[in-house]
Amino acid sequence: MSFLFNGFASWKEYCETQQLKLHQPVLEYETKQKGRSEEEVFNGLLQAYEVMKEAVNSGLSEEMSSRSGMIKNGAKKVYNHPVTVLSPEFQKLISRALAAKEVNSCMGRIVAAPTAGASGILPGVLYTLQDLHNLSDKKIVEGLLVSAGIALIIEQKASLAGAVGGCQAETGSAAAMASGAIVYCLGGSVDQVFNAVAITIQCMLGLICDPVAGLVEVPCVVRNASAAAIANSSAQIALADVSAVIPVDECVDAMGEVGQSMETRYKETALGGLAATKTGQQISKRVLVQDIEILPDEDK
Amino acid sequence: MAERSSVFDMIGPVMIGPSSSHTAGVVRIARAAIRVLGDQPEEAEITFYNSFAQTYEGHGSDRAIIAGLLDFKTDDKRIKKSLDHAKEKGLKYTFKSVGNASTFHPNTIRLVLKSGNKEVEVIGESRGGGVIRITEVNGFTAGFSANLHTIIITADDRPGSIAFIADVISQDGCNIATMSVSRKGKNDIACQVLEMDSGLRPLTIEYLNSLNWVHNLIYIPNID
């Protein structure tokens, strides 16, 4: 069974030869490899989805200010703003992704999906998808299984950690997971789901991890919103059978290659990009603990 | 080769933000440390090292460590307000930052915990994704992750003690996953740390504790 997540091509082939729906091999992987019953997996994912929705709702209703002062109730402002740029649904999508991620920045309870830094994307996307299309919780859980399958492959072939692959590894992977889930939940074919993943990776490729003062706030919060938007634009493209041209497995390889060659200062070290700007440095000086003892002797 | 991840590593864990290494991992270090103390601490001296030294406030690691000392779990919403809970419970604490402990992992914490006349010193690393490693207990090299069942035995350094303890543990059907031994000096005091896949019976712990060459035994079941 473990060969299953060596790539998207083998996942598809397995589905075809065994006549399975896309989420079923992932469920099978978890039950066989990790010894959980199907019911446990379903209930566990349903609970995770409940926490995601709760995070969205908290972010849209409770006070959300971070200790650094960089996050100040942004999601609520977006949700309630009278000017709608595209449609009310788009406004809701953006504010929900912001909301769940702000909860993370403000020490609230979230689901790392796949990481805490990207914890706003799946909540924003799935909450909005379910709301718009009246999908059952069961369907959403199936979508989460597909997302998990996508992440398991990316983890294996590239990385999910900002410190290893930059922001593309965190918000990029989350957007790919979300995009695949959208297409799956709306009845797309296996090819369409994988195309959505490929297109999303193409859109997120190369994104660096440059958190101001090293905190999971700026630009992480707004990138969760943009990643949620990209997940939806990719799904819209893929559902119409527009090809990504570069197959999904090769897109993941490219992501791994880009991550490997990315300089260390762009991998969560807060030494480059936005973190290194004048304002970024000023904030860093204000926020970081300055009263630090320096040991006289290197040998401790 | 590392063990393959679970679906629940991809969609999960459920945790308190903002970062698994700065909140979840830190809570778990403190949860392991209070089990070493064997009691709710009355006083705690907390030192954040290296990368943690600068960022612990911004990431809320100060609240995370206090939450762990109060035995809150990693997904407990009270973590955010743990300093208020500490005040209520009368836990006294001090924070200190040390910037250049080059022999330590970037995210290291040292805890000195006191309760009555008991005092312990624990050093732990937060290694990412909420995974921790307790590297030192009371000056002895430790090296356990606290997600299995751990036993820490301080005893006379003498021939056969390791074999004896391993044999007693095997009577409970316990498989030893990892083991580390360190000592102050030859024929002095030695410390054995064993991680086991399953738990020990209370009777077994009592028996090991009653041996005249065993000075101290700490048993830490899976902290989660």
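Within each chain, residues carry numbers counting from 1 in the order of the written sequence. Both sets of labels track the order of writing: A upward for chains, 1 upward for ligands. Local features are withheld for residues below a pLDDT of 70 in this predicted model, meaning they are given only at 70 or higher, and side-chain atom pairs are given and counted only at 80 or more; totals for whole chains, interfaces and linings count all residues. Working from all heavy atoms in the structure, the side-chain values ignore hydrogens and water.

Run through the domain arrangement of chain B, naming residues and quoting values.
Considered domain by domain, chain B is made up of domain 1 (10-138) and domain 2 (149-220). Marked domain ranges trace back to an automatic or database domain assignment. The gap between the C-alpha centroids of domain 1 of chain B and domain 2 of chain B is 26 Å.

Explain the side chain of Thr55 of chain B residue by residue, including any values.
Mapping Thr55 of chain B onto the fold places it in helix 3 (residues 50-55). Of note is the side chain of Thr55 of chain B, whose polar atom sits 3.0 Å from the backbone oxygen of Ser51 of chain B. Note on contacts: a residue pair qualifies if any of its non-hydrogen atoms lie within 4.5 Å across the two residues. With residues up to four places along the chain from it excluded, the contact list for Thr55 of chain B reads Leu288 of chain A together with His22 of chain B. A run of H or I in DSSP counts as a helix once it spans at least four residues, and a run of E counts as a strand once it spans at least two, with each numbered from the N terminus. Polar contact is the term for a pair of N or O atoms within 3.5 Å; when the atoms are in protein, one must be able to donate a hydrogen and the other to accept it, and sequence-neighboring residues count only if both atoms are side-chain atoms.

Lay out the interface of chain A and chain B in plain terms, naming residues and giving numbers.
Counting residues at the interface gives 53 residues for chain A, matched by 44 residues for chain B. Buried surface area refers to the total accessible area, computed with a probe of radius 1.4 Å, that the two partners give up upon joining, counted for both partners together. Between chain A and chain B, roughly 4,000 Å² of surface is buried when both sides are summed, and carbon and sulfur atoms account for 58% of that area. Counting the surface chain A buries against chain B, the share from its top three residues, Arg67, Met107 and Arg109 of chain A, is 20%. Salt bridge criterion: a side-chain nitrogen from Lys or Arg within 4 Å of a carboxyl oxygen from Asp or Glu. Linking chain A with chain B are three salt bridges, by the criterion used here. The interface formed by chain A and chain B holds 21 residue pairs in polar contact (both at pLDDT 80 or more) in total. For the side of chain A that touches chain B, the elements supplying multiple residues, two or more each, are helix 2 (23-34), helix 3 (38-61), helix 5 (88-105), strand 1 (109-111) and helix 7 (137-157) of chain A. Residues are grouped as follows: Ala, Val, Leu, Ile, Met, Phe, Trp, Tyr, Cys and Pro are nonpolar; Asp, Glu, Lys and Arg are charged; all remaining types, including Gly, are polar. Its residues placed into classes, the side of chain A that touches chain B shows 32 nonpolar, nine polar and 12 charged.

Can you explain the pattern of salt bridges? Please cite residues and give values.
Side-chain pairing between opposite charges can occur once the charged atoms of the two side chains come close. According to the stated counting rule, one finds 27 salt bridges over all chains in the structure shown. Across the salt bridge formed by Lys53 of chain A and Glu50 of chain A, the nearest N and O atoms sit 3.6 Å from each other. Of this pair, Lys53 of chain A and Glu50 of chain A are both found in helix 3, three residues apart, which corresponds to roughly one turn of the helix. We call a residue buried when its accessible area falls under 20% of the maximum for its residue type, exposed when it is over 50%, and partly exposed in between, using a 1.4 Å probe and counting protein chains only. In this structure Glu50 of chain A comes out as partly exposed when scored by relative accessible area, which is 39%. Here Glu125 of chain B and Arg127 of chain B are joined by a salt bridge, their closest N and O atoms 2.6 Å apart.

Report on the sheet that holds strand 7 (residues 140-144) of chain B, specifying residues and quantitative values.
Residue and element names in this part refer to chain B. Criterion used throughout: strands pair if DSSP finds at least two bridges between them. Spatially, the six strands line up as an open sheet ordered 3-2-4-5-6-7, and their pairing is mixed. Since the sheet does not close on itself, it has two edges, and those belong to strand 3 (92-98) and strand 7, each with one partner. When strand polarity is set aside, the average angle formed by the axes of neighbouring strands in this sheet is 20°. As judged from the eight bridges shared by strand 4 (residues 107-115) and strand 5 (residues 118-126), these two strands associate in the antiparallel manner. Paired with Ser115 across the two strands is Lys118, which belongs to strand 5. Think of each axis as a best-fit line through the C-alpha atoms, taken over the contacting stretch in the case of a helix, with angles from 0 to 180 degrees between the N-to-C directions.

Report on the side chain of Asp62 of chain B, specifying residues and quantitative values.
Its place among the elements puts Asp62 of chain B in helix 4 (residues 61-69). On the basis of relative accessibility, which here comes to 4%, the residue Asp62 of chain B falls in the buried class. Here Arg67 of chain A takes part through its side chain, which lies 2.5 Å from a polar atom of the side chain of Asp62 of chain B. Not counting the four nearest positions on each side in its chain, Asp62 of chain B is found in contact with Arg67 of chain A together with Phe48, Tyr56, Glu57, Leu83 and Phe95 of chain B.

Run through the state of the cysteines, naming residues and quoting values.
Residues and elements named next belong to chain A. A pair of cysteine sulfur atoms is labelled a disulfide when the two atoms are within 2.5 Å. Across all of its chains, the model carries zero disulfides over all chains by this definition. Take Cys167: it sits in no disulfide, and the sulfur closest to it among the cysteines is that of Cys209, at 6.0 Å. Exposure remark for Cys167: the relative accessible area of 8% places this residue in the buried category. You can see Cys203 has no disulfide; the closest cysteine sulfur is in Cys251, sitting 9.9 Å from it.

Give a detailed account of the nonpolar core, specifying residues and quantitative values.
As a rule of thumb, soluble globular proteins bury nonpolar side chains together. Residue types Ala, Val, Leu, Ile, Met, Phe, Trp, Tyr and Cys, when buried and joined through side-chain atoms within 4.5 Å, form a set referred to as a nonpolar core. Membership of the largest hydrophobic core comes to 70 residues, with the highest contact counts inside it found for Phe8, Trp11, Leu45 and Ile150 of chain A together with Ile11 of chain B. A total of 11 residues in this core trace back to one element, the largest contributor, which is helix 7 of chain A.

Outline a nonpolar patch on the surface, listing residues and values.
Residues and elements named next belong to chain B. Residues Ile162, Met179 and Val181 make up a contiguous nonpolar surface patch of about 220 Å² in total accessible area. As for its position among the elements, Ile162 is in helix 6 (residues 161-171). The class of Ile162 is partly exposed, set by a relative accessible area of 36%. By definition, no residue in a patch forms a salt bridge, and every one has over 30% relative accessible area; like charges are joined within 9 Å, nonpolar side chains (Val, Leu, Ile, Met, Phe, Trp, Tyr) within 5 Å. All accessibility values rest on the Shrake-Rupley procedure with a 1.4 Å probe; residue burial counts only the protein chains present in the view.

Can you lay out helix 7 (residues 202-210) of chain B for me, pointing to particular residues and giving the numbers?
All names here are of chain B. Residues of helix 7 that are buried: Thr204, Ile205 and Leu208. An end-on view of helix 7 places all buried positions within 100° of arc, on one side of the element. Projecting away from the buried face of helix 7 at angles above 90 degrees are the exposed residues Pro202, Leu203, Glu206 and Ser210. Buried residues belonging to helix 7 abut strand 8 (149-156), helix 6 and strand 11 (214-220). To be clear, the arc concerns the directions from the helix axis to the C-beta atoms.

Account for the packing of aromatic side chains, naming residues and giving values.
Residue and element names in this part refer to chain B. Only Phe, Tyr and Trp rings are paired, with Trp represented by its six-membered ring, and only when their centres lie within 6.5 Å; those with planes under 30 degrees apart are stacked, over 60 edge-to-face, the remainder tilted. All chains considered together, the criterion is met by 11 aromatic pairs over all chains. Between Tyr49 and Phe104, the aromatic rings sit 4.8 Å apart at their centres with planes inclined by 85°, giving edge-to-face as the arrangement. Linking Tyr49 in strand 2 (residues 43-49) with Phe104 in the loop between strand 3 and strand 4, this pair joins segments that are 55 residues apart in sequence. Seen in terms of ring centroids, Phe164 and Trp213 are 5.7 Å apart; in terms of plane orientation they differ by 75°. Their pairing is edge-to-face. A residue pair is termed long-range when its members are at least 10 positions apart, and Phe164 in helix 6 and Trp213 in the loop between helix 7 and strand 11 qualify at 49 residues. Judged by its relative accessible area of 31%, Phe164 is partly exposed. Taking the relative accessible area as the measure of exposure, Trp213 reaches 6% and is therefore buried. Here the aromatic residues Phe48, Phe52, Tyr56, Tyr93 and Phe95 are joined through ring pairs into a cluster of three or more.

For the sheet that holds strand 8 of chain B, give the residues involved together with the corresponding values.
Strand pairing in a sheet relies on backbone hydrogen bonds, with the paired strands running either antiparallel or parallel. Residues and elements named next belong to chain B. What the four strands build is an open sheet, ordered 9-10-8-11; its pairing is antiparallel. Two strands bound the open sheet, and with one partner strand each, they are strand 9 (176-183) and strand 11. Each neighbouring strand pair of the sheet contributes to a mean axis angle of 10°, computed without reference to strand direction. Lying over the sheet, helix 2 (residues 20-37) contacts strand 8 and strand 11, oriented at roughly 145° with respect to strand 11. Along the sheet face, helix 6 touches strand 8, strand 9 and strand 10 (189-196) and points at about 30° away from the line of strand 10.

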